[in-house]
Amino acid sequence: VLPVVAIVGRPNVGKSTLFNRIINQRLAIVEDKPGVTRDRNYAQAEWMGHKFDLIDTGGITWEGGKIEEEIRAQAEIAIEEADVIVMLTSVVNHMTDLDERVAHLLYRTKKPVILAVNKADNPEQRNDIYDFYSLGLGDPIPVSSSHGTGIGDLLDAIVDKF
Ligand code: GDP
Ligand code: MG
């Protein structure tokens, strides 16, 4: 049984982009069935010889569900199923009420939570991540899922918790 890593966070912070960046994209494409348009939300990944299962909880949605309910359910899935939880937020838009809500939901787990701040595409944005210390989830790790920067540091932090 492989360790499970779950990505949680409010919509639009880049969870699916990070998920696709971390997983072996070739595998994802091979396993995708024609006609399936739903976001892929579960895949195997590997970093420095550590294999793990990765879940994008944002890909798990309920029709008609309110955003607060969806976020709660996604956090619960992460808390129940994951060995390591990555809370993802974004430097664009700074911190929002929904970020605080996600963080609060994660306070009640004893499982390791890693805070990653996405869309830190340039040095100036990487300096903006310090606001996120106030979420109370430790040192924020800046990443740019679209550029691929910081992903190695995030993966090092994840496998360090296995
Ligand atoms: P999700 O709702 O959390 O799964 O977010 P998505 O992965 O769908 O991304 C939402 C939007 O943010 C898309 O337009 C992405 O292209 C964009 N995005 C994702 N990662 C980055 C990043 O590192 N930098 C920038 N500038 N945009 C990003
Ligand atoms: Mg998504």
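Use the structure listed above.
Here we summarise the structure given alongside this text. The written sequence of each chain sets the order in which its residues are numbered from 1. To read the labels, note that chains go from A and ligands from 1, taken in the order they are written. Where totals are concerned, whole chains, interfaces and linings use all residues; where local detail is concerned, this predicted model gives features only for residues with pLDDT of at least 70, and gives and counts side-chain atom pairs only at 80 or more. With hydrogens and water set aside, each side-chain value is computed from the structure's full complement of heavy atoms.

Attention now goes to the sheet that holds strand E3 (residues 50-56). Here we have 6 strands laid out as an open sheet, ordered E2-E3-E1-E4-E5-E6, and mixed in their pairing. Two strands in the sheet have a free side with no partner beyond their single neighbour: strand E2 (42-47) and strand E6 (141-142). Its contacts with the sheet put helix H4 (residues 97-107) on strand E1 (4-8), strand E4 (84-90) and strand E5 (113-118), and the angle it makes with E4 is roughly 165°. Strands qualify as paired when DSSP identifies two bridges or more between them. Every helix listed is a DSSP run of H or I at least four residues long, and every strand listed is a run of E at least two residues long, numbered separately from the N terminus. Contacts between residues were defined by any pair of non-hydrogen atoms, one from each residue, lying within 4.5 Å. Under this scheme, a helix contributes an axis fitted over its contacting stretch, all axes are lines through C-alpha atoms, and angles between N-to-C directions fall in the 0 to 180 degree range.

Buried residues of H4: Asp99, Val102, Ala103, Leu105 and Leu106, and no others. Taken end-on, H4 shows its buried residues confined to a sector of 160°, consistent with a single buried face. For H4, the exposed residues set more than 90 degrees away from the buried face come down to Asp97 and His104. In this structure, the buried side of H4 is in contact with E1, helix H3 (67-81), E4 and E5. Type-normalised accessible area, obtained with a 1.4 Å probe on protein chains alone, sets the label of each residue: buried when under 20%, exposed when over 50%, and partly exposed for intermediate values. Taken from the helix axis, the directions to the C-beta atoms give the arc we talk about.

What follows is about the pairing of E4. Counting buried positions over the 7 residues of E4 gives 7, a clear majority of the element. Across the two faces of E4 the burial is the same, with Val84, Val86, Leu88 and Ser90 and Ile85, Met87 and Thr89 all buried. Both E1 and E4 contribute to a ladder of 4 bridges, which runs parallel. Counted as the bridge partner of Val8 is Met87 from E4. As judged from the 6 bridges shared by E4 and E5, these two strands associate in the parallel manner. Counted as the bridge partner of Leu88 is Ala116 from E5. The definition of a right-handed crossover adopted here requires that, viewed with the strands pointing away, the path from the first strand over the helix to the second runs clockwise. Handedness of the E4-H4-E5 crossover: right-handed.

As a further point, take the environment of Asn118. Of note, Asn118 is situated in strand E5. For Asn118, a relative accessible area of 3% corresponds to the buried category. As a C-alpha pair, Asn118 and Gly14 span 104 residues in sequence and 6.8 Å in three-dimensional space.

Attention shifts here to the site of ligand 1. Any residue with a heavy atom lying within 4 Å of a molecule or strand is counted as near it. Taken together, 13 residues lie around ligand 1, and Asn12, Lys15, Thr17, Asp121 and Ser145 are the ones closest in. Separating an oxygen atom of ligand 1 from a side-chain N or O atom of Ser16 is a distance of 3.0 Å. Counting of polar contacts relies on pairs of N or O atoms within 3.5 Å, with two restrictions inside protein: one atom must be capable of donating a hydrogen and the other of accepting it, and residues adjacent in sequence are counted only when both atoms are side-chain atoms. One nitrogen or oxygen atom from the side chain of Thr17 is found 2.6 Å from an oxygen atom belonging to ligand 1. Across the complex, the protein chains shield 67% of the 580 Å² of accessible surface that ligand 1 would expose by itself. Broken down by element, the residue count for the shell around ligand 1 peaks at 3 residues, all from helix H1 (residues 15-22). Each accessible area is a Shrake-Rupley result for a 1.4 Å probe, and residues are judged covered by the shown protein chains and nothing else.

Moving on, we get to the environment of His147. For His147, the position within the fold is in the loop between E6 and helix H6 (151-159). Those residues within four positions of His147 in sequence are excluded, and the remaining contacts are Arg21 and Asp121.

All right, on to unusual backbone geometry then. With a phi close to 50°, Met48 is a non-glycine residue in the positive phi region. Of note, Met48 is situated in the loop between E2 and E3. The phi dihedral of Asn93 falls on the positive side, at around 80°, and the residue is not glycine. Tracing the chain through its elements places Asn93 in the loop between E4 and H4. The class of Asn93 is exposed, set by a relative accessible area of 56%.

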